[in-house]
Every structure is written in structure tokens, then in C-alpha cells.
Amino acid sequence: MTDAERQWVSAAKAGDVEAFNQLVRMYEGRVYGLAYRMLGDSDSAADVAQDTFISAFKAIKRFREGSFAAWLLRIATNACYDVLRAQKRRRTSSMDQMLAGDDDSPGEQFEDQSLPLDQHMINRELQAAIQAGLATLPEDQRAVLIMCDIQGFAYEEIAAATDTQLGTVKSRLSRARAKLRDYLKSRELLPTAER
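Under an unreviewed UniProt entry, the name given to the chain is RNA polymerase subunit sigma-24, and the organism recorded is Herpetosiphon geysericola. Of the chain, the UniProt comment under Sequence similarities (unreviewed entry) reads exactly: "Belongs to the sigma-70 factor family. ECF subfamily."

(A) Quick look at the overall build of the chain. Regarding its fold elements, the chain presents ten helices and zero strands. Start at the N end of the chain and walk to the C end: the helices and strands fall as α-α-α-α-α-α-α-α-α-α. Looking at the 195 residues of the chain, the share that counts as buried comes to 39%. Once local pairs closer than 6 in sequence are excluded, the contacts in the chain between residues at least 24 apart make up 61%.

(B) Looking closely at the packing of helix α8 (residues 139-150) against helix α9 (residues 155-162). One way to put it is that α8 packs onto α9 with a least axis distance of 10 Å and a crossing angle of 145°. Crossing of α8 over α9 shows right-handed handedness. On the side of α8, the interface is formed by Val-144, Met-147 and Cys-148, while α9 contributes Tyr-155, Ile-158, Ala-161 and Thr-162. Taken together, the residues of the contact of α8 with α9 sort by class into six nonpolar, one polar and no charged.

(C) Broad picture of the environment of Thr-2. Relative to the helices and strands, Thr-2 resides in the segment before α1 (3-13). A distance of 3.0 Å separates the side chain of Thr-2 from the backbone nitrogen of Glu-5, its partner in a polar contact.

(D) Quick peek at the nonpolar core. One finds Val-31, Met-38 and Phe-68 to be the most contacted residues of the largest nonpolar core, which totals 50 residues. With residues up to four places along the chain from it excluded, the contact list for Met-38 reads Cys-80, Tyr-81, Leu-84, Glu-139, Arg-142, Ala-143 and Ile-146.

(E) Fine view of the packing of aromatic side chains. In this structure the tally under the stated criterion is six aromatic pairs. Judged by centre distance (5.7 Å) and plane angle (50°), the rings of Tyr-27 and Phe-68 are tilted. One end of the pair, Tyr-27, is in helix α2 (residues 17-39); the other, Phe-68, is in helix α4 (residues 68-89), and 41 residues separate them in sequence. A residue is classified by how much of its surface remains accessible, and Phe-68, at 2% relative accessible area, is buried.

(F) View of helix α3 (residues 42-59). A rise of 1.5 Å per residue sets the reference length of α3, with its 18 residues, at 26 Å; its end C-alpha atoms lie 25 Å apart and thus fit the reference within 8%. All buried positions along α3 are accounted for by Ser-42, Ser-44, Ala-45, Val-48, Ala-49, Thr-52, Phe-53, Ala-56 and Ala-59. The arc that holds the buried residues of α3, viewed along the axis, is 170°, so those residues lie on one side. Facing away from the buried surface of α3 by more than 90 degrees, the exposed residues are Asp-43, Gln-50 and Lys-58. Against the buried residues of α3 lie α2 and α4.

(G) Quick peek at the pattern of salt bridges. Applying the stated criterion across every chain yields a total of six salt bridges. Its salt-bridge partner being Asp-82, residue Arg-85 comes within 2.4 Å of it at the nearest N-O pair. Here Arg-85 pairs with Asp-82, and both are found in helix α4, just three residues apart, close to one helical turn. Its relative accessible area of 40% is what places Arg-85 among the partly exposed residues. In this structure Asp-82 comes out as partly exposed when scored by relative accessible area, which is 43%. Across the pair Arg-177 and Asp-149 runs a salt bridge, and its minimum N-O distance is 2.6 Å. Of this pair, Arg-177 sits in helix α10 (residues 166-186) while Asp-149 sits in helix α8, and the two are 28 residues apart along the sequence.

Each value, and the rule that gives it
Once a new chain begins, its residue numbering starts again from 1 and follows that chain's sequence as written. For a predicted model such as this one, the threshold for reporting local features is a pLDDT of at least 70, and the threshold for listing and counting side-chain atom pairs is 80 or more; totals across whole chains, interfaces and linings nevertheless cover every residue. Neither water nor hydrogens contribute to the side-chain values; these are computed over all heavy atoms in the structure. UniProt positions are given in the numbering used here, feature names are shortened, and annotations may be inferred rather than shown by experiment. Per the convention used, a helix needs a DSSP run of H or I reaching at least four residues, while a strand needs a run of E reaching at least two, with both numbered from the N terminus. For every residue, the accessible area (1.4 Å probe, protein chains only) is compared with the maximum for its type, and the residue is labelled buried under 20%, exposed over 50%, or partly exposed between those bounds. Residues are treated as being in contact if the distance between any of their heavy atoms lies within 4.5 Å. Interaxial angle, 0 to 180 degrees, is taken between N-to-C directions of lines fitted to C-alpha atoms, where a helix line uses only the stretch in contact. A crossing counts as left-handed when the near helix is turned anticlockwise from the far one by less than a right angle, and as right-handed when that turn is clockwise. Note that Gly is not counted as nonpolar here; it falls among the polar residues with everything else outside the nonpolar set of Ala, Val, Leu, Ile, Met, Phe, Trp, Tyr, Cys and Pro and the charged set of Asp, Glu, Lys and Arg. Between N or O atoms, a polar contact is any pair within 3.5 Å; within protein, one atom must be a potential hydrogen donor and the other a potential acceptor, and residues adjacent in sequence are included only when both atoms are from side chains. Take the buried residues of types Ala, Val, Leu, Ile, Met, Phe, Trp, Tyr and Cys, join any two whose side-chain atoms come within 4.5 Å, and each joined set is a nonpolar core. Pairs were defined over the aromatic rings of Phe, Tyr and Trp, the Trp ring being its six-membered one, requiring ring centres within 6.5 Å. Orientation was assigned from the angle between planes: stacked under 30 degrees, edge-to-face over 60, tilted for the rest. To estimate the expected span of a helix, subtract one from its residue number and multiply by 1.5 Å. Comment: arc refers to directions from the helix axis out to C-beta atoms. Throughout this description, the term salt bridge denotes a Lys or Arg side-chain nitrogen within 4 Å of a carboxyl oxygen of Asp or Glu.

Encoded structure:
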């Protein structure tokens, strides 16, 4: 945790809303990205991100020293699990969702505008395949893969965020990578060198 982050956490614990807002600004992209990759829907991800920060604000006084990022992502991961459980109970799609694709995925925000159009299309197809592959993974494996390979968290931070042992994190990550690789290979989207 950086010195500034430590100061913001201390001030937020004392009730300073502006300090908490600094923490929100610092982590909103990571929380939204995790939620989007877990849920595959931008609206649900935005709702989960908002719920995560509301829950964190209400519980900030109970935060103990350690990784604030891991604590926050644990709240976000649990919120995603809640949404996924609710979706399993009621599998429905709106007509709008069925007729129109989700055009505001995080990947589109970061596309390299200098690439030729055909490369854009290939990248977009690969992003969609990866998102579809992530959706096939069990929730616990999906969360670990997203935190490690997409968001760049260390194994120890992931273990803290998911409340699991380090060996379990490594095991889930290995299984998730293998399943995602098999998924992409079956669709012939994996580069030849990776097959």
C-alpha cells in the first residue's frame, strides 16, 4: 500500500468522505474490470462496482491493516458471486440484450487506433472469444484468472482477496488457464505457437 493510499484509508476510517472518494477513483477501473470479466455484462458490472464501493464505505472502519486492494476485490468478488447465483435462479434475457450486442466492453476502450481494420476485427473476435471462454469457467477459477492474468495481482493478493490458501490459488489458476486454452484451441483462435 502506498503512503497516499494508507493516508486515505486512515482518513476514510475517521469518516472523511473525500478520502474515500480518492480510493474509489484509484480502484474503480479494477473493480469494474473484475466485475465485467466475471459477469460479462456492462450494466451488471457497473451495479456491482457501485455496490462494492457502498459496502466498502459502510465497512471501512472494520478494515484491518493489510492490502486494501485485496480487501476491496474480495468485496467485489463476493458481490459478483451473488449476482451469478441470482442469475442461475432466474435465467432470462431482455429483448434489448438479444437484439443488440454489448458495445461498451472494456476492450474497446483500449483498442490501438494505429492498427489496420482487419487487425481490429481479429482483436475484437479474440476478445469476444476470451470473454466467452471466461464465462465457461467455474466462478472460483474465473475470479483467480481475471485477478492474475488480466489485472496483474500477485498470488498472495489473490489469496487474500478470495480468502483461500496460496496453493489453492495456484491450482485454480492452472486449471483455469488450461480450460481457457482448450476452449480457444477448440475454436482455432489460439496462436499456433501456443497450441
